[in-house]
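Residue-level structural notes
Residues per chain are reported as follows:
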Amino acid sequence: CHLMRLLATLLLLHIHLSSSSSSAVPENDKAASETLIPSVPSVPPSVVLVLLVRNKAHALPHFLAFIDRLNYPKEHISLFVRSDHNVDNSTGILREWLDNVVLLYHRSNVLLNDTRDGYEGEGRSAWPRERMAFLMRLRQEALDYARSVSADFVFFVDADNLLENPDVLLTLMRYEKTVVAPMLISHEAYSNWWGAMTDKLYYRRSDDYMDILKRKKNGLFQVPMVHSTFLVDLRRAESQFLSYNIDTEACAADPIPFDDIIVFAFNARRNGVQFWLSNEQPFGKLPRPSSSGKYSVEEDKHQFDDMKLKSLFNGPAMPVSEFITFTPSLKTKLDFDEIYVINLKRRPERLTRIKAWFEALGISFKHFEAVDGKSLTTNDLVSLGIKQLASYRDPHWGRNMTWGEIGCYMSHYKIWQDVVEKGHKKVIIFEDDVRFESFFKDHLSTLMIELRKVGLEHAWDLVFLGRKQLSWTSDMKVEGTKHLVWPSYSYWLVSYLLSNSGAQKLLNQALLDKLIPVDEYVPIMYNSHPNEEWSKHFSPRDLVALSASPLICHPQAYKDKDGPNYVSDTSDSEIIPDDFRIAKVDP
C-alpha cells in the first residue's frame, strides 16, 4: 500500500495533471506527428471488449455489425457482456449473436438477466441513483475481470456507439496512451469527450471544442474527459489507479457528482492519469442524449433513429450483423390511405436511400415511377395534347419550360388521378430527393392534431410539409395553432399532404393545353401567385392550402448550396421548342 502511494507521488511529480481544457499534442510527439498506418502486430495484444447493454434492441443489429467488422483478430479478443432490466428484446438479440460468434473469440464472460423491472425514479430522471450505482459496479467488474485475465487492453464501447472505422482498435493502440478515445460524432455538438471541466467536475465547453469536433484542428489531444467508447492500456503501470469506485474518505471533504464518467475521470486525475482523444480519422457516430433529461426507451429509440436518418444524407444504409435474425420494422401508412414516392427509374440510388429512410421510420410507401422528361418526345406532347401557356416564361431565365419540368408536372398529375380513381381520402406525396427533419413522425402527428383542433380536419386540400418559401413575411399563422400557416407564394412540391377534394380541384384546372411548371401552378390554385396574367387562366382558384411551420421536410440538396454536386432533373434539362408554347388562351 505504501509502495503504491509512493509510486503515485512519483507519477504526480513527472506527469502533468490533466488540464481543465483540451490541448494539442506537442509537434515532437511521435504518435501525433507520424501518419498511422494500422496493421495487426505479429503477436496481437489481448483485448477485453466490454459490452454493457440495456434496452438497445433498436441499435444492436447495427452496433453488432460494426463489432463484427473490427479489423482485429477475434481470437485475441475476450468478450465481457452484461445485460439486465430490459423491456425490449436486447437479451434475445445478444443470445443469438453470442451463440453464433462465441467460438470466434478467445473467451467470453456473459451474464444476461431477463429481469424486466426498471429502477425506482426512472422516467423522472434518466439516471436515478440505483441505476447509476449498478452501472458503476458493472464497469468496475469489467475492469477487474480484464486485470484478472491479464489482458493487455480493455475496450469499453457503449451499445449504441457505431464504430464505422474497422481499424479503430489498431489505431488507438498505436498511440501508446493509457486512456485514449476515438472521437465519435453526433449530428449536433454532442460527442464522447469534454474539452474542459469546472472545478466541481461538471462539463464546460473549451474554446477549441468546435474546432476539434469539426476536425479543423486535427490530431491527438489531451482532454479532461472521455466516455462511452475508449481504450485502456492495462500494461502501463498508472492504469492500476483507474477505477469506478468512490474513495469515500477523499470525497468526504469535497463531494463529487455521483456519475460513472465523473468518478472515473476523478480517480484518473487525482493519480496523474491523462485522457487523450484522437480525431485524426473519422471513427464513427453516437446518438445525442435526450434533451429532456428524462429516460424512456421510446425516446432513446427516437434519438438513434434520428441518427440513422441523418447518416443517410451522405452515406449508405447501416449494415446489419450477419449473425442475428433481423426483423424489419413494422410498417404503417400513418393513418393515410396511401403514401407515394415519386422516383425516376434512372435514379435507383435515390430509391435505395428512401427505402432505408422509410425502414428506419417504419413507413410503408408506394413506389410511383416518375414520368422522365428526358424520355419524352415531341410526338408524346402531340399525343397528350400538351401545350405551354402562351404567356409563360421562366421568371428567372426568361425561357420556355424544360422537358424535365413537363415530366415533373405529369408525375404529380398522374398521382392526383390515382388518388381520385382509387377514392383515397388523404395521402402523402414525397419526391425522391426528400430529407426529413428530426422526429418527422412526431411532427406530422402534431400537425394532424392541430388541424382537428381548429376544425380543419375535413376542410384542407393540401398541406405543405416541405417547400421553398419565396416570401418570409407573407405567411399568416393559422389562428389557434403553433405549427400551421396559410402559405404565401412558394416553390417545390418535395412533400405534401393531399386530400381527395384537393386532388379533384387540381385536376379540374390542370388542362394540359395551358401548362406551366407544377410549383407555379399550385400557388395559383391557392390564389397566392403574384403573376396575375398567368393566374387569370385558372378559375376557380379555391384550393385550401396550409403549410407546416417550421417545415418538416426539405430537399436532399440545394442548387445554390451544393453547386456542381447538385443535380436537378427538372431545371437542368433541355428547353421545349417554341412550337409547343402557343396555347389556346381563353381568359
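Since this is a predicted model, take the numbers as computed values, not measurements. (Residues numbered from 1 in each chain as written. Predicted model: local features only at pLDDT ≥ 70, side-chain atom pairs only at ≥ 80, totals over all residues. Heavy atoms only, no water.)

**Here's the deal with the overall build of the protein**
What the protein contains, in helices and strands, is 18 helices and 25 strands. Within the protein, the fraction of its 587 residues that count as buried is 55%. Within the protein, residue pairs in contact and separated by at least 24 positions form 81% of the contacts whose partners lie at least 6 positions apart. Just so you have it, the protein exposes about 26800 Å², and 51% of that area is on carbon and sulfur atoms. (Helix = DSSP H or I, 4+ residues; strand = E, 2+ residues; numbered from the N terminus. Buried < 20%, exposed > 50% of the residue type's maximum accessible area, 1.4 Å probe, protein only. Contact = heavy atoms within 4.5 Å. Areas by Shrake-Rupley, 256 points an atom, 1.4 Å probe, with all protein chains shown as cover.)

**A closer look at the sheet that holds strand β23 (residues 490–499)**
The mixed open sheet is built from eight strands, whose spatial order is β17-β16-β18-β23-β20-β24-β22-β21. Bordering the open sheet on either side are β17 (366–369) and β21 (476–477), each of which pairs with just one other strand. In this structure, strand β22 (residues 484–486) lies alongside strand β24 (residues 545–548), joined through two bridges in antiparallel fashion. When the bridges of β24 are listed, L484 appears paired with A548. (Pairing = 2+ DSSP bridges.)

**Quick word on helix α5 (residues 129–148)**
Here α5 contains 20 residues, and its C-alpha end-to-end distance of 28 Å stays within 8% of the 28 Å for a straight helix at 1.5 Å per residue. Residues R131, M132, L135, M136, L138, R139, Q140, A142, L143, Y145 and A146 constitute the buried set of α5. Considering only its buried residues, α5 is in contact with β2 (47–53), β3 (77–83), β4 (107–112), β5 (153–157) and α9 (260–270). Residue S150 follows α5 closely and has a positive phi angle near 60°. (Expected span 1.5 Å × (residues − 1).)

**Quick word on the environment of Y175**
On the secondary structure map, Y175 appears in the loop between α6 (168–174) and β7 (179–182). Put simply, Y175 and L220 are 45 residues apart on the chain and 8.6 Å apart in space, counted from C-alpha to C-alpha. Polar side-chain contacts of Y175 include one of 3.0 Å to the side chain of E280. (Polar contact = N/O pair within 3.5 Å; in protein donor to acceptor, adjacent residues only side chain to side chain.)

**Focus: empty space enclosed by the protein**
Going through the model one piece at a time under the given rule, you end up with two cavities of 30 Å³ or more. The computed volume of the largest cavity comes to approximately 60 Å³. Lining the largest cavity are S186, H187, E188, L286, P287, R288, Q303, D306, M307 and K310. Among the residues making up the lining of the largest cavity, the classes are represented as three nonpolar, three polar and four charged. (1 Å grid on protein atoms, 1.4 Å probe; cavity = no way out; pocket = protein on both sides within 12 Å on 5 of 7 lines; lining within 4 Å. Points joined across faces, edges and corners; volume = space filled by probe spheres on them. Nonpolar A, V, L, I, M, F, W, Y, C, P; charged D, E, K, R; others polar.)

**So, the packing of helix α3 (residues 60–68) against helix α4 (residues 90–101)**
Two elements in contact, α3 and α4, have axes separated by 11 Å at closest approach and are oriented at 30°. Between α3 and α4, the interaxial angle falls into the category roughly parallel. Considering the relative orientation of α3 and α4, their crossing is right-handed. Along the contact surface, α3 presents L60, L64, I67 and D68, while α4 presents S90, I93, L94 and W97. For the contact of α3 with α4, a count of residues per class yields six nonpolar, one polar and one charged. (Axes fitted to C-alpha atoms, helices over the stretch in contact; angles between N-to-C directions. Parallel < 35°, antiparallel > 145°, perpendicular 65-115°, else oblique. Left-handed = near helix turned anticlockwise from the far one by under 90°.)

**A closer look at the pairing of strand β20 (residues 462–469)**
Across the eight residues of β20, seven count as buried, placing the element largely inside the fold. The pairing of β20 with β23 spans six bridges and is classified as antiparallel. Counted as the bridge partner of L462 is L498 from β23. Relative to β24, β20 is paired through three bridges, and the arrangement is parallel. Residue V463 lies in a different strand from β24, and its bridge partner there is L546.

**Considering the packing of helix α10 (residues 297–311) against helix α11 (residues 348–361)**
It is at 10 Å that the axes of α10 and α11 come closest, and there the two elements cross at 175°. In terms of their interaxial angle, α10 and α11 are classed as roughly antiparallel. In contact with D305, K308 and L309 of α10, α11 contributes W357, A360 and L361.

**Observations regarding the layout of surface pockets**
Counted as a void, the largest pocket has a volume near 1300 Å³. Residue lining of the largest pocket: 49 residues in total, with W127, D158, Y190, S228 and P289 positioned closest to the centre. When residues of the lining of the largest pocket are traced back to their parent elements, those giving at least two are β2, α5, β8 (193–194), α9 and α10. Partitioning the lining of the largest pocket into residue classes produces 25 nonpolar, eight polar and 16 charged.

**Focus on unusual backbone geometry**
The omega torsion of the bond from S539 to P540 falls at 5°, within 30 degrees of zero and hence cis. Summarising the element assignment, P540 is placed in the loop between α17 (532–535) and β24. Look at the link from S549 to P550: it is a cis peptide, with omega at 5°. Within the secondary structure, P550 is located in the loop between β24 and β25 (553–555).

**Points about the environment of W127**
Structurally, W127 is set in the loop between β4 and α5. Taking the C-alpha atoms as reference points, W127 and F258, 131 residues apart in sequence, are found 9.9 Å from one another. In this structure W127 touches M132 and L135, once residues within four positions along its chain are discounted.

**Structural notes on the environment of A459**
Here A459 shows up in the loop between α14 (440–453) and β20. Residue classification places A459 among the partly exposed positions, given a relative accessible area of 34%.

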